Amino acid sequence: MISALRKSVAGSSQAICRRPMATIAPALVQSKPTTSLQGKSTIRKGEFIDAREKHAHRITAVDPIKPVYLTMSSLTSKSNGAKKAVALDPTVFDHPVRRDILHLCVVHYLDSLRQGTASTKTRAEVAGSRRKIRPQKGTGRARLGDRQSPMLRGGGVAFGPKPRDFSTKLNRKIIQMGMRVALTMKLREQRLGVLQRINWWSHKTATLSSRLEGLGWRTGTLFVTGESEVPARMRLASRNLRGIECRTVADLVVYDIVKWRRVVLDLAAVNALERALGKGLLEISDSERVVSDVTHSSAEVEAST
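Just so it is clear, the structure is predicted and the values come from calculations on it, not from any experiment.

Draft legend 1. Geometry of the sheet that holds strand β7 (residues 290-291). Strand order across the open sheet formed by three strands is β1-β2-β7, with antiparallel pairing between neighbours. Strands at the two margins of the open sheet, each flanked by one partner only, are β1 (68-71) and β7. When β1 meets strand β2 (residues 85-88), the two strands line up antiparallel, connected through four bridges. Note on β2: the bridge partner recorded for tyrosine 69 is alanine 87.

In structure tokens, the structure reads:
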């Protein structure tokens, strides 16, 4: 009886093991076919697709990036003809304003300027005898140790400054974002100007001063050139003018743009800034850089203030 029961159980288990394993077929797409930007069907009903493929086929329309136009200024002479405008990369000159990023960049630069050479002597470094001034007890006066005590005149300094490095670390991308924000704020405040080239025809200071007075750029103006060095005549004519400074784009920092009331760039500096700070979403060729007919909404650098 028991042997017959064992045989029946063994036969049923073998039958269960011989059953084929159930396979899970991929689910069919029952939703409506998605379409691309051109209106053509890319996925039809009944096709097998993955979750990643579903996400890849979600195509959204993106508005084309348009340049920002700024009316060009002239340092040498007043132009009587039609005004020209310069096309600027919006990823550099139309960035969302982040005052916290500006604060980080300014503090980072000012920290790097600190010398950190302040130094005082502790009681161990002050020269003199280590003899106790008077006995501990019996005089009726306060307890004193040696002459190097911080309580006494000529003694050491408790917790005084020592030479240290005040410079702080800031990521390169944060500094680049700070430069974009600073340029954007100058453009929106109408305190950013663009010249064909920063150059002057004479090395005399009086001639340049008279011209800057006419433009309203006499004080608080920073000229930035994209060349390797500032032109010699411009450097000689402006070096004795208070409130005027010339420098190259390689020496430009965020603190300079925030500090100076007005920033004037040349086309070489604009190209250099867009190469260093641009995101590559908009390529502006040399032929498209300067537009003769100003039909766009443009801004001109402030001259009266």
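Draft legend 2. Quick look at the sheet that holds strand β5 (residues 244-248). Pairing is parallel in the open sheet, where four strands are placed in the order β3-β6-β4-β5. Since the sheet does not close on itself, it has two edges, and those belong to β3 (192-195) and β5, each with one partner. Sheet twist, expressed as the average angle between the axes of neighbouring strands with direction ignored, equals 20 degrees. Seen against the sheet, helix α9 (residues 267-277) touches β3, β4 (221-225) and β6 (262-266) and runs at an angle of roughly 95 degrees to β6.

Draft legend 3. Focus on the pairing of β4. Counting buried residues in β4 gives five out of five residues, a clear majority hidden from the surface. Alternating residues of β4 divide into Thr221, Phe223 and Thr225 and Leu222 and Val224, and every residue in both groups is buried. Alignment of β4 against β5, held across five bridges, turns out to be parallel. In the sheet register, phenylalanine 223 faces β5, and the bridge partner there is cysteine 246. In terms of handedness, the path from β4 via helix α7 (residues 232-238) over to β5 forms a crossover that is right-handed.

Draft legend 4. Looking closely at the pattern of salt bridges. In this structure the tally under the stated criterion is nine salt bridges. Aspartate 100 is paired through a salt bridge with arginine 98; the nearest N and O atoms lie 2.9 Å apart. Residue class for arginine 98 comes out partly exposed when judged on its relative accessible area of 34%. A salt bridge links glutamate 227 to arginine 197, with the shortest nitrogen-to-oxygen separation between them at 2.8 Å. Placement of glutamate 227 in the loop between β4 and α7 and of arginine 197 in the loop between β3 and α6 (205-215) is noted, with a sequence separation of 30 residues between them. Since its relative accessible area comes to 41%, arginine 197 is described here as partly exposed. One salt-bridge network, held together by shared partners, links Glu245, Arg247 and Asp256.

The rules behind these values
Residues numbered from 1 in each chain as written. Predicted model: local features only at pLDDT ≥ 70, side-chain atom pairs only at ≥ 80, totals over all residues. Heavy atoms only, no water. Pairing = 2+ DSSP bridges. Helix = DSSP H or I, 4+ residues; strand = E, 2+ residues; numbered from the N terminus. Axes fitted to C-alpha atoms, helices over the stretch in contact; angles between N-to-C directions. Contact = heavy atoms within 4.5 Å. Buried < 20%, exposed > 50% of the residue type's maximum accessible area, 1.4 Å probe, protein only. Right-handed = clockwise from strand over helix to strand, strands pointing away. Salt bridge = Lys/Arg side-chain N within 4 Å of Asp/Glu carboxyl O.

No statement about biological role is implied by the geometric values presented.
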